[in-house]
Amino acid sequence: MNAILKERIGERVGSLKISWRRASLEAGLEAGFIQDIITGRSHHPGDDALASLATALKCSPAYLLGESDDLAGVAVVHGTTTPASDSAQRPDAVMALRIVDELLAGGHVEAARVAVRRALKAIATE
């Protein structure tokens, strides 16, 4: 398993002050999903599961995999690359949209739907 993935999951869980179990459940995954990654029982989490986990950990799948050092990663919007630093007034909403865009670009439609539902729920509770 990728050491960067383990490290970044641990970092995000710590930053958000949530347990591995809670993060796994918020991602719509089994309660022991993160534990299995950290302990090495799961060697290759699927793209959809990783995308859902990234949404729950408020970062991009690219960040978790070490492909980007920016929490929101780099989004491709209509063929142009937009760095995450141009976040407008609502950085959480902008980051959620970038994650959804990245998921859709990668063909991960179901994970994008989950991310959209979570973003809408977060916006509704503000």
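Residues numbered from 1 in each chain as written. Predicted model: local features only at pLDDT ≥ 70, side-chain atom pairs only at ≥ 80, totals over all residues. Heavy atoms only, no water.

Student: How would you summarise the packing of aromatic side chains if you had to cite specific residues and measurements?
Tutor: Under the definition given, this model contains zero aromatic pairs. Seen from the ring of Y63, R8 lies directly overhead, with NZ or CZ sitting 4.2 Å from the centre. (Phe/Tyr/Trp six-rings, centres within 6.5 Å; stacked < 30°, edge-to-face > 60°. Lys NZ or Arg CZ within 6 Å of the ring centre and 35° of its normal.)

Student: Which residues make up the nonpolar core, and what are the values?
Tutor: Counting 19 residues, the largest nonpolar core has I9, V13, F33, I34, L53, L57 and L64 as the members making the most contacts within it. Elements that contribute at least two residues to this core include exactly α1 (3-16), α3 (33-39), α4 (47-56) and α5 (61-65). At five residues, α4 tops the list of elements feeding residues into this core. Aside from chain neighbours lying at most four places away, what touches L53 is I9, A23, A27, L29, F33, I34 and L64. Counting residues in hydrophobic clusters, the runner-up holds nine residues, among them A51, A72, M95 and A111. (Core = buried A, V, L, I, M, F, W, Y, C linked by side-chain atoms within 4.5 Å. Buried < 20%, exposed > 50% of the residue type's maximum accessible area, 1.4 Å probe, protein only. Helix = DSSP H or I, 4+ residues; strand = E, 2+ residues; numbered from the N terminus. Contact = heavy atoms within 4.5 Å.)

Student: Any chance you could break down a nonpolar patch on the surface for me, citing the residues and the numbers?
Tutor: Nonpolar side chains collect at one region of the surface, where V116, L120 and I123 lie side by side and expose about 250 Å² of accessible area between them. Within the secondary structure, I123 sits in helix α7 (residues 109-125). On the basis of relative accessible area, I123 is assigned to the partly exposed category, the value being 39%. (Patch = residues over 30% accessible without salt bridge, like charges linked within 9 Å, V, L, I, M, F, W, Y side chains within 5 Å. Areas by Shrake-Rupley, 256 points an atom, 1.4 Å probe, with all protein chains shown as cover. Salt bridge = Lys/Arg side-chain N within 4 Å of Asp/Glu carboxyl O.)

Student: Describe unusual backbone geometry, and please don't skip the residues or the numbers.
Tutor: Its identity is not glycine, yet K17 carries a phi of approximately 55°, on the positive side. Looking at the secondary structure, you find K17 in the loop between α1 and α2 (20-26). Backbone geometry at K58 places phi at a positive 55°, although glycine is not the residue there. With respect to the secondary-structure elements, K58 resides in the loop between α4 and α5.

Treat this as a map of the structure, not an account of what it does.
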